[in-house]
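Observations on the three-dimensional arrangement
Each chain, written out:
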Amino acid sequence: MNTAQPMVAVAAPSVVPGSLTRAADAAAAFDRYPQYQAGMRWMADFVTQPDPDLGRPGAVCPRLEPAIRANTVWLVALTVHGTTPADAADAGRLLLDLFEEVAAGPHRSTTALLGFFPGLPSERAAGFIDGGHGLLRPEAVERGLMLGEFHADSTVGGVHNRAFPVMQCPEPMYAVRAMTPHDLLFADQPGTPPADRLSYLLAYQRHIGPRLSPAVREGLEAKVSAARQALSSGDSS
């Protein structure tokens, strides 16, 4: 007698109808999405401010304030029916596609899309956000996009101070933006597995390389060659 239980399909993530709004208009949705209010306060009090532990001068994210002034920051809420990393990756993929819609036009370079998860249990947030990011980041980079992972318990440190948790946010969230020349800092991280590091550098070279000066392009080619050599030699450093 076959006692196997039938598999139950989990519904795909979806955008909450009517939840997409520019940051400038987000206050009108605070009653429906308190996550927006918490996120906007976090951006004002932390992300757009300097911090002595950051390890460099300037705001935690120097690109956000100009984007807010340009009115190119968007917020959206997503419904998810599962809490596994695969569910998170599906939700993040939906955000990548939505970013391409809201960023169409001349302001792509300053556009940011922040995706919130109102129904996500707080005890599942860390595994959901971090697990999904690990699965989806290579795809995002291949598309010339950067995917940021944020939640209250994040321990991800800054580039200039690894002990400074720059990704801690009161609400679980993904942030999507276009890759910029500055992102070589994130593509060329020594602790990244060699295959991933090479993949990120090649994607950066493809999407950003034509915008770089000859000298910087030459340096990038040297990094790509070094990553190839490290991969072929089995060097994990």
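This text gives an overview of the structure that appears in the document. (Residues numbered from 1 in each chain as written. Predicted model: local features only at pLDDT ≥ 70, side-chain atom pairs only at ≥ 80, totals over all residues. Heavy atoms only, no water.)

We now examine the overall build of the protein. For the protein, the count of helices and strands is seven helices and six strands. A compact globule built from 237 residues should have a C-alpha radius of gyration of about 18 Å, and the protein, at 19 Å, falls within 12% of that. Taken along the three principal axes of its C-alpha coordinates, the protein extends 60 × 55 × 35 Å. Expressed as a percentage of its 237 residues, the buried residues of the protein come to 43%. For the protein, the share of sequence-separated contacts (at least 6 apart) that also reach a separation of at least 24 residues comes to 67%. Carbon and sulfur atoms make up 57% of the accessible area of the protein, which totals about 12000 Å². (Helix = DSSP H or I, 4+ residues; strand = E, 2+ residues; numbered from the N terminus. Rg over C-alpha atoms; globule rule 2.2 N^0.38 Å. Buried < 20%, exposed > 50% of the residue type's maximum accessible area, 1.4 Å probe, protein only. Contact = heavy atoms within 4.5 Å. Areas by Shrake-Rupley, 256 points an atom, 1.4 Å probe, with all protein chains shown as cover.)

The tally for this structure, following the rule as stated, stands at seven aromatic pairs. Ring centres of Phe117 and Tyr174 lie 5.9 Å apart, and the angle between their planes is 90°; this geometry places the pair in the edge-to-face category. One end of the pair, Phe117, is in the loop between β4 (112–116) and α4 (125–142); the other, Tyr174, is in strand β6 (residues 173–178), with 57 residues separating them in the sequence. Look at Phe117 and you get buried, because its relative accessible area is 3%. (Phe/Tyr/Trp six-rings, centres within 6.5 Å; stacked < 30°, edge-to-face > 60°.)

Let us now look at the side chain of Thr180. Looking at the secondary structure, you find Thr180 in the loop between β6 and α5 (184–187). Residue classification places Thr180 among the buried positions, given a relative accessible area of 12%. Those residues in contact with Thr180 that sit more than four places away from it in its chain are Arg63, Tyr204 and Ile208.

Turning our eyes to something else, we now look at the side chain of Gln35. Of note, Gln35 is situated in helix α1 (residues 34–47). What makes Gln35 buried here is its relative accessible area of 11%. The contact partners of Gln35, leaving out residues within four places of it in the chain, are Phe116, Pro118 and Glu171.

On to the pairing of β4, then. Counting buried residues along β4, five of its five residues qualify, which places the element largely inside the surrounding structure. Direction of pairing for strand β3 (residues 73–79) relative to β4: parallel, over a ladder of five bridges. Bridge pairing in β4 places Ala77 opposite Phe116. After leaving β3, the chain enters helix α3 (residues 85–102) and then returns to the sheet as β4, a path that is right-handed. Summarising the sheet, β4 and β6 pair through five bridges and their orientation is antiparallel. Looking across to β6, one finds that Leu114 is bridged to Ala175. (Pairing = 2+ DSSP bridges. Right-handed = clockwise from strand over helix to strand, strands pointing away.)

Time to look at the packing of helix α6 (residues 194–208) against helix α7 (residues 214–233). Contact pair α6 / α7: the axes reach a minimum separation of 9 Å and the direction vectors enclose 155°. Relative to α7, the element α6 is oriented roughly antiparallel. Two packed elements cross with a definite hand, and for α6 against α7 that hand is left-handed. In this structure, α6 uses Pro194, Ala195, Leu198, Leu201, Leu202, Tyr204 and Gln205 to contact α7, whose residues at the interface are Leu220, Glu221, Lys223, Val224, Ala227, Arg228 and Leu231. Each residue belonging to the contact of α6 with α7 can be placed in one class, and the counts come to ten nonpolar, one polar and three charged. (Axes fitted to C-alpha atoms, helices over the stretch in contact; angles between N-to-C directions. Parallel < 35°, antiparallel > 145°, perpendicular 65-115°, else oblique. Left-handed = near helix turned anticlockwise from the far one by under 90°. Nonpolar A, V, L, I, M, F, W, Y, C, P; charged D, E, K, R; others polar.)

Looking now at α3. Between its terminal C-alpha atoms α3 stretches 25 Å, which fits the 26 Å expected from 18 residues at 1.5 Å a residue. Residues of α3 that are buried: Asp87, Ala88, Ala89, Ala91, Gly92, Leu95, Leu96, Leu98, Phe99 and Val102. (Expected span 1.5 Å × (residues − 1).)

The residue Asn71 is not glycine, and still its phi comes out positive at about 60°. The topology assignment puts Asn71 in the loop between α2 (64–69) and β3. Take Asn71: its relative accessible area is 29%, and that puts it in the partly exposed class.

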